[in-house]
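The chain contents come next:
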Amino acid sequence: MAGSEQVAGRRFAVAAPWISTVVRLGLAVVWAWAGLAKISDPAVAAQAVRAYRILPEGLVKPVGYGLPFLEIGLALLLVIGLGVRIAAVISVILLLTFIAAIASTWARGIAIDCGCFGGGGAVAASQTQYLQEILRDIGFLLLALWLVVKPRSRVSVDSWLSV
């Protein structure tokens, strides 16, 4: 029994960096998609932030205009594999913030499109998709948490620097 556990442990040790590579690149695609969808029209991104009715008006534009750059920055770090654990921790914080914001908006009965991948703002109550958005973000959160625990991946600057 102990021998088969050792074999399984070795297989996991070999597979984990490859799993982390797939997770890292998948999360990079998500952040790039989200950031690029918003960066071309920062006023719409700010409108999406405003629709949540959480931040004071003085923070709406800085957050709306800055968020796409943060998302694209995370995507770039993850694509090249530099500071993977740090990028993953920031991703976890950002995703928890998004989940909390969507849940808060849902609980307060405000009907919006989350603006997660562009657009955003008020919509008809029948057009909200809060549960799907929260579940999607929980899925992304699980990917980020994997990278917090297992940041070593193949084909990354981090792996080249650690040699």
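What comes next is a walk through the structure. Keep in mind the model is a prediction, meaning the values are calculated, not measured. All chains use their own residue numbering, which begins from 1 and follows the written sequence. Per-residue local features of the predicted model are confined to residues with pLDDT of at least 70, and side-chain atom pairs are confined, for both listing and counting, to 80 or more; whole-chain, interface and lining totals are unaffected and use all residues. Neither water nor hydrogens contribute to the side-chain values; these are computed over all heavy atoms in the structure.

1. Notes on helix 4 (residues 84–107)
As a reminder of what qualifies: A helix here means a DSSP run of H or I that spans at least four residues, while a strand means a run of E at least two residues long, and both kinds are numbered starting from the N terminus. In this scheme, a helix's expected span is set at 1.5 Å multiplied by one less than its residue total. The buried label goes to any residue with under 20% of its type's maximum accessible area, the exposed label to any with over 50%, and the partly exposed label to all in between, with areas taken from a 1.4 Å probe on protein chains only.
The terminal C-alpha atoms of helix 4, which comprises 24 residues, lie 34 Å apart, in line with the 34 Å expected from a rise of 1.5 Å per residue. Restricting attention to buried positions, one finds in helix 4 the residues Val84, Ala87, Ala88, Ser91, Val92, Leu94, Leu95, Phe98, Ile99, Ala101, Ile102 and Thr105. Of the residues trailing helix 4, Gly109 is marked for its positive phi of about 75 degrees.

2. Some words on the side chain of Glu71
Operational definition: The definition of a polar contact used here is a pair of N or O atoms within 3.5 Å, where within protein one atom must be able to donate a hydrogen and the other to accept one, and adjacent residues in sequence count solely through side-chain atom pairs. In this description, contact between two residues means that some pair of their heavy atoms is separated by no more than 4.5 Å.
Within the secondary structure, Glu71 sits in helix 3 (residues 57–80). Among the polar contacts made by the side chain of Glu71, one reaches the side chain of Lys38 at a distance of 2.7 Å. Setting aside its immediate chain neighbours within four residues, Glu71 contacts Trp31, Ala32, Ala34, Gly35, Lys38 and Phe98.

3. Focus: the nonpolar core
Quick note on the threshold: Definition of nonpolar core: a set of buried residues of the types Ala, Val, Leu, Ile, Met, Phe, Trp, Tyr and Cys, connected through side-chain atoms within 4.5 Å.
Counting 31 residues, the largest nonpolar core has Leu27, Trp31, Leu78, Leu95, Ile102 and Leu147 as its most contacted members. Every element with two or more residues in this core is listed here: helix 1 (2–39), helix 3, helix 4 and helix 5 (130–149). The biggest single contributor to this core is helix 4, with 10 residues. Trp31 has contacts with Glu71, Ile72, Leu74, Ala75, Leu78, Ser91, Leu94, Leu95 and Phe98, leaving out every residue within four places of it along the chain.

4. A look at the state of the cysteines
Going by this rule: The definition used for a disulfide is geometric: two cysteine sulfur atoms within 2.5 Å.
Tallied over the entire structure, the rule returns one disulfide. Shown here is the disulfide that connects Cys114 with Cys116, its sulfur atoms set 2.3 Å apart. In terms of burial, Cys114 and Cys116 fall into one category: buried.

5. Overview of the packing of helix 3 against helix 4
What counts is decided by this rule: For every element, the axis is a line fit to its C-alpha atoms; helices are fit only across the contacting stretch, and the angle between N-to-C directions ranges from 0 to 180 degrees. Put simply, a crossing is left-handed when the front helix is turned counterclockwise from the back one by less than a right angle, and right-handed when it is turned clockwise. Classification used: nonpolar for Ala, Val, Leu, Ile, Met, Phe, Trp, Tyr, Cys and Pro, charged for Asp, Glu, Lys and Arg, polar for all others including Gly.
At their nearest, the axes of helix 3 and helix 4 sit 10 Å apart, and the two run at 145 degrees to each other. For helix 3 against helix 4, the interelement crossing comes out left-handed. Taking contact as the criterion, the partners of Leu67, Leu70, Glu71, Leu74, Leu77 and Leu78 in helix 3 are, on helix 4, Val84, Ala87, Ile90, Ser91, Leu94 and Phe98. Here the residues of the contact of helix 3 with helix 4 sort into 10 nonpolar, one polar and one charged.

6. Brief notes about the environment of Ile134
Inspection of the secondary structure puts Ile134 in helix 5. Distance in space between the C-alpha atoms of Ile134 and Leu74 is 20 Å, their sequence separation being 60 residues. Setting aside chain neighbours within four positions, we find Ile134 in contact with Ile99, Ile102, Ala103 and Trp106.

7. A short note on the pattern of salt bridges
The following threshold applies: Whenever a carboxyl oxygen of Asp or Glu lies within 4 Å of a side-chain nitrogen of Lys or Arg, that contact is scored as a salt bridge.
Scanning all chains against the criterion turns up three salt bridges. Arg50 is the salt-bridge partner of Glu57, the closest N and O atoms lying 2.7 Å from each other. According to the relative accessible area criterion, Glu57 is partly exposed, its value standing at 49%. The class for Arg50 is partly exposed, based on a relative accessible area of 35%. Put simply, Asp137 and Arg136 hold a salt bridge, and the shortest N to O gap is 3.1 Å. A relative accessible area of 2% places Asp137 in the buried class. On the accessibility criterion, Arg136 (24% relative accessible area) is partly exposed.

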